[in-house]
Structures are given as structure tokens and as C-alpha cells.
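Coordinates in review
The residues making up each chain are set out below.
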Amino acid sequence: MKSTHFTLVKPGSRTDAWLSRHFDSAQFSYQEIFGMFGPLLIDQFFIYLIGMLTTSMISSSSQESVSAVSLVSPLTYMIIALSNAVASGGTVVVAQYKGKGDQEKMRRAAGQVVFASFMVALATCTLLLVVSDSMVNWMFGTADAVIREKATAYTIGFGISLIPFSLYNGVFAVLRGVGDTKTCLRLTVIINLIHLFASMLFLNVMKLDILGTTLSYNIARLIGGGVAVYLLVTPRGRLTVPLRELVHIDWNYQKSIFQIGIPFAAEQIFFNGGSLIVQSYISGMSNAQIAANAITNSSFGLFYSAGLSVSTLTITIVGQCIGAGDIPLAKKYGTRMILLGSISCLASVLILGPLLPLILSLYSPHAETLTIIYQLIVIGAIPLPFVWALSNVTPSILRAAGDANFTSIFSLLTMWVIRVGLGYLAAVPLGLGIHGVWISMGLEWVVRAVVFSIRFCGNKWYCHKVI
């Protein structure tokens, strides 16, 4: 019997028949797949929308404030990516146990995912509190003193927020592994609405500038972390994980989690380290180019938020197929997820493109900055529907099967050779400025798309043991 998760399509219609033919299997119905995809899509879109709104509030405070957040954003992205890397390893392990049908080990693994996420965040937070000031001054010494001061304050506040963030991020990883994306969406809405209203209070009403931004982060994440842990351990929840599983270490499960997580974490550290180097030479550009890059990064996230949802869904779908031992089905769904990712990116460009004037008006950019923003968005939007999914969904297929080392090593190679090396060459010696950075990003997508597609067409990616 088909699931009732997805009810927008009329049973017996041509669309129903087409979706059944391409997405149904013994493991999933298309209703279940799109029932998971819908909340993930809204989740990602909501996160980027709230992020865009809060960035616009920071931008309205002053151009120095948005420039400060922009300079340290690769560092914050790197830290979030580090936490997400551990969480992704946990999602793979939980998904494979789910596919295997081992409920007891799935619960134990869930507890270990949250424990690992918390310990990584604790270590990272401690380090940030110690080195934030000297690090900002060393990396961005060419920026204005006011920008550096604000960047340091933002980094400290962000570091403190990592502790509660690690709790709900770990719980999210577990819930996505079992396919419970609706609970994730509800929690995302709660956290981000608190963040939005707190930002409005602290930034627009109380005029606290950077301090207001970090306060809103911490309040939202503290509430979110508490609610997430409750949802994981409560007897009324989906998993009912015993609390003791969250407060002790089990090396067998940690080994499986970090088998996926460590290569991905190393990739993210060096990947975002490369982004920091890119930011270091961007910091020497004009304030208009720095602000344009920050606003474009914030708003352009909406364009590929649907694609990121597919990438997250891919780990759950392919991971459960691998856990069930069904390699042909994993290949089938891998192909379908790439197609879904490409369609999602194309739809995003077509829908959001006409809305750009409205979206960008939220940031109140200067005229010179606005011109640069439009140019950067065009540079990013042209390759997005054609190569983004192959470049970013395909690695999720490989990681879901345990092929983490190849994926991470090649991602690092393209990052440092193309985005850092070629980006610097285009931006500085060739004089293309921030446009050169965005052109190199598109070229990196193309190279990743080609190589990861070749890997997926082979048979080495699924010859790994995770559980």
C-alpha cells in the first residue's frame, strides 16, 4: 500500500503513474520520498530567508557591520561545516541501521551522534574564545579598525552559540537519518522565528548592532538545543533514545561516525580555510565589493537552497538502500536525486530571478554595491541549473555509501587549485576583482561535476563497510 505522505498528486493520474515508475521501489514509495523532501525544502528555504532578513538588518546598521560579518563568515561557515561533517557521518550510520532494520543499534548510534557533536563544539568554542582577537587582526589586518573590532565581537558571540547549536544539529542528523524531516522542519521554524524576532528587537529597536546579532543567535540556539534533546529522549518521540546514550562514549559507534565524519571534517576545515584566504584578499578590495560579496552570498543562498535539500535527502535515501544491501537501488535513487537536484535549481532560478529587486531592497545597498550584486548573481546563476547538482548532490551519494576519502580529497584539490589559486589570479593580477572570485567558483562546479559523475558511474564508491 502506498504511503499518504505526499497527496498533491491525484491517484491514477499520468503524473502519479510517472512518479511511481521513476521513484517507487520496495524500499520507498514516491509519496514517502517527496514527503521527506517537502519539509527539507521548506526547512532550507526558511533558514536562508531568515538569514537573509537578519543580514539585511545588520546591513541597515552600517556597511562596516555587514562587512565585518562578511569577513569572518568563512570562519563561521567552516565551524558550522565541521559540526555538520560529524552530523553527516551520524546521518549515514543511522540511515544504514534504519535500512538494515536494527532499531536498537539505531538508537544507540543516535545518542552517540549527539555526544560527538557536543564534544566537537565544546572544543571549538574554547579555542575561539582564546584566539578570536589575535586571529582577526592577523587575517584581516588591512581592513578598517572598526570592521576588525566588530568582526572580533561577532566571532566571540558566535563561538558561545556553538554549544547549544551542537545539540539540535546532532538531533537533526539523527532525525534525517530515519527520514523524520517534519520534526526537523518544526524545530527549524521555532529556532529561526525566535532568531528573527530577537534580531528585530536587538537590532532595529535597541540598536545593539553586532551584540544584538550574537544575542539573538544564542537565545534561539539555546531554546532549540533544549527542545531538540527533549524530542529525542521523550517516550512520545520517534526514537525514544535513552538519556544515558547521550552522556557516555561508545567507541564502536564513534568509529563508524568518524569514519565518514573525519574525511568530511578535514575537507570542510581546509575548504573553508581556503575561503578564508579568499576573504583575506577580498578584504583589500573596496568596501562596495566587500559588501556586495556579503549580500550576494546571503541572497544567492536562496537559489540553491532547494538543491541543498536534495543533497540532504540523498544521504537518507541512498544510506538506507546501502544499509539494506541493495546496490542497484542505491544507484537508481542516486540518479534520481541528481535529476531532482537539477530540476530544483532550475526552478529556483526561474522563480526567484524576477523577485531579485524585491529581495535586494531588503539590504538597502548603495547604488555602486547594487550594480556589483546583480553582476555576481548573474555569474552564479548561469551554471547553477546545469552543474550544481552533479557537483554537490553526487558527493552525498558517495558519502552515503562510505566513499568519504575520495570525495573529500578531490573536493579539497578543486577548492585550492581553482577557487583559491585561480580565483586569486583572476581577482588580483588579472584585475577582475570580486567578479574573478565568482567566475572561479562556477568553474570549480564544472570540474567537480565531471569527476564525481565518473566516480558514480564506476563501482568503487559502494565497496566500503560502515556498520
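Report on the accompanying structure.

Here is what the cut-offs are and how they apply
- Residues numbered from 1 in each chain as written.
- Predicted model: local features only at pLDDT ≥ 70, side-chain atom pairs only at ≥ 80, totals over all residues.
- Heavy atoms only, no water.
- Helix = DSSP H or I, 4+ residues; strand = E, 2+ residues; numbered from the N terminus.
- Rg over C-alpha atoms; globule rule 2.2 N^0.38 Å.
- Buried < 20%, exposed > 50% of the residue type's maximum accessible area, 1.4 Å probe, protein only.
- Contact = heavy atoms within 4.5 Å.
- Areas by Shrake-Rupley, 256 points an atom, 1.4 Å probe, with all protein chains shown as cover.
- Core = buried A, V, L, I, M, F, W, Y, C linked by side-chain atoms within 4.5 Å.
- Expected span 1.5 Å × (residues − 1).
- Polar contact = N/O pair within 3.5 Å; in protein donor to acceptor, adjacent residues only side chain to side chain.
- Salt bridge = Lys/Arg side-chain N within 4 Å of Asp/Glu carboxyl O.
- Axes fitted to C-alpha atoms, helices over the stretch in contact; angles between N-to-C directions.
- Nonpolar A, V, L, I, M, F, W, Y, C, P; charged D, E, K, R; others polar.
- Patch = residues over 30% accessible without salt bridge, like charges linked within 9 Å, V, L, I, M, F, W, Y side chains within 5 Å.
- Parallel < 35°, antiparallel > 145°, perpendicular 65-115°, else oblique.
- Left-handed = near helix turned anticlockwise from the far one by under 90°.

Comments concerning the overall build of the chain
Assigned secondary structure in the chain consists of 15 helices and zero strands. At 21 Å, the chain has a C-alpha radius of gyration in line with the 23 Å of a compact globule built from 467 residues. In terms of principal-axis extent, the alpha carbons of the chain reach across some 60 × 45 × 40 Å. The buried share of the chain, taken over its 467 residues, is 59%. In the chain, the proportion of contacts linking residues at least 24 apart, taken out of those at least 6 apart, comes to 83%. When the accessible surface of the chain is totalled, it reaches about 18,800 Å², and 68% of it is carbon and sulfur.

What about the nonpolar core?
Residues Ile33, Phe300 and Leu384 are the most contacted members of the largest nonpolar core, which totals 70 residues. If we skip the residues at most four places from it in the chain, Ile33 touches Phe23, Phe28, Leu313, Ile317, Tyr333 and Met337.

Quick notes on helix H10 (residues 327–352)
In an α-helix there are 3.6 residues to a turn, and that puts residues three or four apart on one side. In this model, H10 (26 residues) spans 37 Å end to end at C-alpha, consistent with the 38 Å of a helix rising 1.5 Å per residue. Between a side-chain oxygen at the N-terminus of H10 and the backbone nitrogen of Leu329 the separation is 3.1 Å; the capping residue is Asp326.

Here's the deal with helix H3 (residues 63–100)
Relative to the 56 Å expected for 38 residues at 1.5 Å per residue, H3 spans 53 Å between its end C-alpha atoms, a close match to the ideal helical length. Among the 38 residues that make up H3, 32 are buried, leaving the element largely enclosed by the rest of the structure. Count one or two residues on from H3 and you reach Gly101, which has phi positive near 85°.

A look at the pattern of salt bridges
Should the charged atoms of two oppositely charged side chains come close, the side chains can pair. A full pass over the atoms with the stated rule returns five salt bridges. When the shortest N-O distance is used, the salt bridge between Asp209 and Lys150 registers 2.9 Å. Remark: Lys150 occurs in helix H5 (residues 145–177) and Asp209 occurs in helix H7 (residues 209–233); sequence separation between them is 59 residues. Each member of the pair, Asp209 together with Lys150, is buried. One salt bridge connects Asp403 with Arg455, and the closest N-O pair in it is separated by 2.9 Å. Of this pair, Asp403 sits in the loop between helix H13 (384–400) and helix H14 (404–427) while Arg455 sits in helix H15 (residues 434–457); the two residues are 52 residues apart in sequence, bridging distant segments of the chain. Assigned by exposure class, Asp403 and Arg455 land together as buried.

Here's the deal with the packing of helix H9 (residues 287–323) against H15
Put simply, H9 and H15 touch, their axes get as near as 10 Å, and they point 35° apart. Residues Gln289, Asn293, Thr296, Asn297 and Phe300 of H9 lie in contact with H15, whose contacting residues are Ile434, Trp438 and Trp445. Residue composition of the contact of H9 with H15, by class: four nonpolar, four polar and no charged.

So, a nonpolar patch on the surface
Residues Leu422, Leu425, Leu430, Leu432, Ile439, Leu443, Val446, Val450 and Ile454 make up a contiguous nonpolar surface patch of roughly 760 Å² in combined accessible area. For the nonpolar patch, the secondary structure elements donating two or more residues are H14 and H15. Broken down by element, the residue count for the nonpolar patch peaks at five residues, all from H15. In this structure Leu443 comes out as partly exposed when scored by relative accessible area, which is 37%.

Observations regarding the packing of helix H12 (residues 367–381) against H15
Packing of H12 against H15 leaves a shortest axis separation of 9 Å and a crossing angle of 15°. In terms of orientation, H12 and H15 fall into the roughly parallel class. Every pair of crossing elements has a handedness; the one defined by H12 and H15 is right-handed. Residues Ile372, Gln375, Leu376, Ile379 and Gly380 of H12 lie in contact with H15, whose contacting residues are Ile434, His435, Trp438, Ile439 and Trp445. Residue composition of the contact of H12 with H15, grouped by class: seven nonpolar, three polar and no charged.

Nothing here speaks to function; it is all geometry.
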